[in-house]
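As a plain string of letters, each chain reads:
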Amino acid sequence: MVTHCRLRGLLLLLGAVAVAVAASHPANNEFCAATGGGGAGYGCGSGGGGDVARILIKGGTVVNAHRAEEADVYIEDGFVVAVRPNIPVGDDNVKVIDATGKYVMPGGIDPHTHLEMEFMGTVTIDDFFSGHAAALAGGTTMHIDFVIPVNGNLTAGLESYKQKAEKSAMDYGFHMAITKWNDDVSREMESMVKEHGINSFKFFMAYKGSLMVTDDLLLQGLQKCKSLGALAMVHAENGDAVAEGQQRMIDLGITGPEGHALSRPPVLEGEATARAIRLAKFVNTPLYVVHVMSIDAMEEIAKAKREGQRVIGEPVVSGLVLDDSWLWDPDFTIASKYVMSPPIREAGNNKALQAALSSGILQLVGTDHCTFNSTQKAFGFDDFRKIPNGVNGIEERMHIVWDSMVETGQISVTDYVRVTSTECAKIFNIYPRKGAILEGSDADIIILNPKRGFMVGAHTHHSRSNTNVYEGRKGKGMVEVTISRGRVVWEDGILNILPGSGRYIRTPPFGYLFDGIEKSDAAYRASLRAPVQRGRASA
């Protein structure tokens with residue numbers, strides 16, 4: 001059995017790569033009786049508090065992004081202590097989980113969520129407890145949410161989200177949105193990186209009149225991100241053209257959900273993606289394109305990558321497996337639940353995005369989990385511009401990616417780990433603490449049964465929404481056990497979590513995407529052959 005001395009040594013080694021976490025908040029047991037939109041219950045017990053169990057996972061196939069191997073996994077004090085075959089059970093105080101015939105993998109990391117977000121006159125229905133319940137039931141053990149500034153103020157926005165996260169039940173990090181530009185915002189960006197552990201900033205090129213930034217702001221933001229070693233992220237749609245497209249639809253009498261897709265066609269996503277990529281190239285800084293939904297945008301990313309530019313493309317589950325036909329459903333409740341931006345695209349785009357994910361053009365899968373219930377969606381019954389934009393996915397992502405990508409032979413089990421966990425951990429500079437099952441890594445682990453089927457529905461999910469865009473979808477590959485920081489929080493279809501048990505995970509700057517940037521800047525300067533020394537012409 002692994003000794004405590006060895007464990008302490010491993011924890012000391014881990015300290016070199018681990019980042020500080022915020023203290024947990026006191027639990028509030030009123031959430032123990034909370035229910036999801038369809039009545040799914042949340043249990044109470046040691047899963048959210050109390051002593052961390054010692055766990056031995058035996059007989060499974062341990063899958064990391066770099067290899068799969070038959071091995072046992074021993075967990076103690078919230079960390080992976082040993083990964084090797086035939087680890088003996090040392091005493092009766094170890095919980096043994098039989099994973100024979102199953103895959104033991106790092107818990108999923110969702111890079112793109114919006115919990116308890118104020119948007120379009122309302123607030124997303126899932127908060128940091130119900131969202132985390134849904135995530136853990138679906139095999140995701142960490143996510144990174146977007147902080148929205150308060151009247152452009154980053155610090156006020158962060159304080160607001162810290163309060164929202166007091167009810168968290170798993171690990172989480174933050175991106176920061178930038179919605180205006182001045183010297184105060186520039187200084188606050190530096191504080192976010194150096195003092196608050198935020199290494200990514202998002203710029204909305206859409207939502208004119210609210211979140212949208214102009215090109216000059218985007219350019220200044222890209223330059224500031226580069227200086228801080230922070231990753232610039234963009235929502236890529238041409239906001240000016242979208243506003244024109246929306247008015248065009250209204251003038252034509254098209255006011256229903258189909259007008260949403262018609263008003264912001266793929267060409268506008270492709271144009272904005274290309275523009276952001278070129279500005280990032282001009283500045284020579286990495287770029288992350290969120291929710292890539294169309295062939296147009298994907299091809300711009302592919303072109304940039306062929307030319308050696310550092311561009312990350314993130315598809316989301318809805319874009320990978322759905323098509324826009326649902327937006328034409330005569331039932332408004334059904335059609336409106338599919339409204340998101342950029343829109344879910346015409347059939348064919350989803351298959352192209354799957355191919356791009358399997359070939360490495362797109363690197364990781366998010367959800368853009370931004371849920372509104374049917375009552376909220378009905379705000380736009382007479383005007384699609386007022387339908388709150390957003391769909392679910394934080395609970396469904398791991399299952400649907402397995403079924404649509406692994407079961408179909410498009411990616412391997414190791415690639416599955418890469419696109420659902422490891423690549424995200426690497427991009428946001430928290431690997432190998434997260435995104436791996438290695439000695440010293442956090443014990444965020446799932447056990448997936450590839451032979452077991454699943455079915456998605458609002459009556460069984462843990463989101464507080466009363467709708468689900470994947471309603472009735474069936475597939476193979478079921479997460480049977482979720483372990484979060486060494487605690488079994490999902491097993492036998494039962495959640496065992498408490499609010500306030502989550503931790504904030506700081507994301508350090510200058511991740512691997514910044515490697516070599518200084519050298520390429522120096523090479524650029526050396527290539528200029530300027531300034532040219534010229535004498536004044538004689539009179």
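For clarity, every value in this text was computed on a predicted model and none was experimentally measured.

1. Points about the overall build of the protein chain
Then, number 1: Within the protein chain, the secondary structure is distributed over 16 helices and 20 strands.
Then, number 2: In terms of overall size, the protein chain behaves like a compact globule, its C-alpha atoms giving a radius of gyration of 23 Å where 539 residues would be expected to give roughly 24 Å.
Then, number 3: In terms of overall dimensions, the protein chain has a C-alpha envelope of 95 × 65 × 45 Å along the principal axes.
Then, number 4: Across the 539 residues in the protein chain, those meeting the buried criterion constitute 60%.
Then, number 5: In the protein chain, 78% of the contacts between residues at least 6 apart in sequence involve partners at least 24 apart.

2. A closer look at the side chain of Asp110
Then, number 1: Inspection of the secondary structure puts Asp110 in strand β8 (residues 108-113).
Then, number 2: Buried within the structure, Asp110 lacks any salt-bridge partner; Arg397 is the closest side chain of opposite charge, at an N-O distance of 4.5 Å.
Then, number 3: Here the side chain of Asp110 touches His112 through a polar contact of 3.0 Å, landing on its backbone nitrogen.
Then, number 4: Sequence-distant contacts of Asp110, defined by excluding residues within four places in its chain, comprise Thr140, Met142, His143, Ile144, Gly366, Thr367, Ile394 and Arg397.

3. Focus: the packing of helix α3 (residues 154-164) against helix α4 (residues 183-196)
Then, number 1: Look at α3 against α4: their axes get within 9 Å of each other, and the N-to-C directions meet at 40°. Classed by the angle they form, the pair α3 and α4 counts as oblique. The segment α3 lies against α4, with Leu154, Thr155, Leu158 and Lys162 engaging Val185, Glu188, Met189, Met192 and His196.
Then, number 2: Of the residues that constitute the contact of α3 with α4, the class distribution is five nonpolar, two polar and two charged.

4. Digging into the state of the cysteines
Then, number 1: What the rule picks out here adds up to zero disulfides.
Then, number 2: We note that Cys225 lacks a disulfide partner, and the nearest cysteine sulfur, in Cys424, lies 17 Å from it.
Then, number 3: Residue Cys370 stays outside any disulfide, its sulfur separated by 18 Å from that of Cys424, the closest cysteine.

5. Topic: α3
Then, number 1: Looking only at α3, the buried set comprises Leu154, Gly157, Leu158, Tyr161 and Lys164. An end-on view of α3 places all buried positions within 115° of arc, on one side of the element.
Then, number 2: Contacts from the buried residues of α3 go to β9 (118-119), β11 (140-147), β12 (171-178), α4 and β13 (200-204).

6. What about the packing of aromatic side chains?
Then, number 1: Throughout the structure, instances matching the rule amount to 14 aromatic pairs.
Then, number 2: Aromatic side chains Phe510 and Phe514 sit 5.7 Å apart centroid to centroid with 70° between the ring planes, which places their arrangement in the edge-to-face category.
Then, number 3: For Phe510, a relative accessible area of 48% gives the class partly exposed.
Then, number 4: A cation over an aromatic ring shows up here: Lys164 above the ring of Tyr161, its NZ or CZ 3.9 Å from the ring centre.

7. Let's talk about the UniProt feature "modified residue: N6-carboxylysine" (unreviewed entry) in the protein chain
Then, number 1: Within this numbering scheme, the UniProt entry marks Lys202 as carrying the feature "modified residue: N6-carboxylysine" (unreviewed entry).
Then, number 2: Residue placement: Lys202 occurs in strand β13.
Then, number 3: In this view, Lys202 contacts His112, His114, Phe146, Met176, Ala177, Ile178, Met233, His235 and Val290; residues no more than four positions away in its chain are not counted.

8. Here's the deal with the pattern of salt bridges
Then, number 1: Under the defined criterion, the tally for this structure stands at 29 salt bridges.
Then, number 2: Notably, a salt bridge pairs Glu118 with Lys164, separated by 2.9 Å at the nearest N-O pair. In this pair, Glu118 is assigned in strand β9 and Lys164 in helix α3, connecting sequence segments 46 residues apart.
Then, number 3: Where Asp171 meets Lys434, a salt bridge forms, and the shortest distance between an N and an O atom there is 2.5 Å. With Asp171 in strand β12 and Lys434 in the loop between α15 (413-427) and β17 (445-455), this residue pair connects regions lying 263 residues apart in the sequence.
Then, number 4: For Asp171, a relative accessible area of 0% translates into the label buried.
Then, number 5: Salt bridges sharing common partners tie together Asp171, Arg433, Lys434, Asp442, Asp444, Arg485 and Arg503.

Definitions and cut-offs
Residues numbered from 1 in each chain as written. Predicted model: local features only at pLDDT ≥ 70, side-chain atom pairs only at ≥ 80, totals over all residues. Heavy atoms only, no water. Helix = DSSP H or I, 4+ residues; strand = E, 2+ residues; numbered from the N terminus. Rg over C-alpha atoms; globule rule 2.2 N^0.38 Å. Buried < 20%, exposed > 50% of the residue type's maximum accessible area, 1.4 Å probe, protein only. Contact = heavy atoms within 4.5 Å. Lys, Arg positive; Asp, Glu negative; His and termini not counted. Salt bridge = Lys/Arg side-chain N within 4 Å of Asp/Glu carboxyl O. Polar contact = N/O pair within 3.5 Å; in protein donor to acceptor, adjacent residues only side chain to side chain. Axes fitted to C-alpha atoms, helices over the stretch in contact; angles between N-to-C directions. Parallel < 35°, antiparallel > 145°, perpendicular 65-115°, else oblique. Nonpolar A, V, L, I, M, F, W, Y, C, P; charged D, E, K, R; others polar. Disulfide = S-S within 2.5 Å. Arc of directions from axis to C-beta. Phe/Tyr/Trp six-rings, centres within 6.5 Å; stacked < 30°, edge-to-face > 60°. Lys NZ or Arg CZ within 6 Å of the ring centre and 35° of its normal. UniProt positions renumbered as here; feature names shortened; annotations may be inferred.

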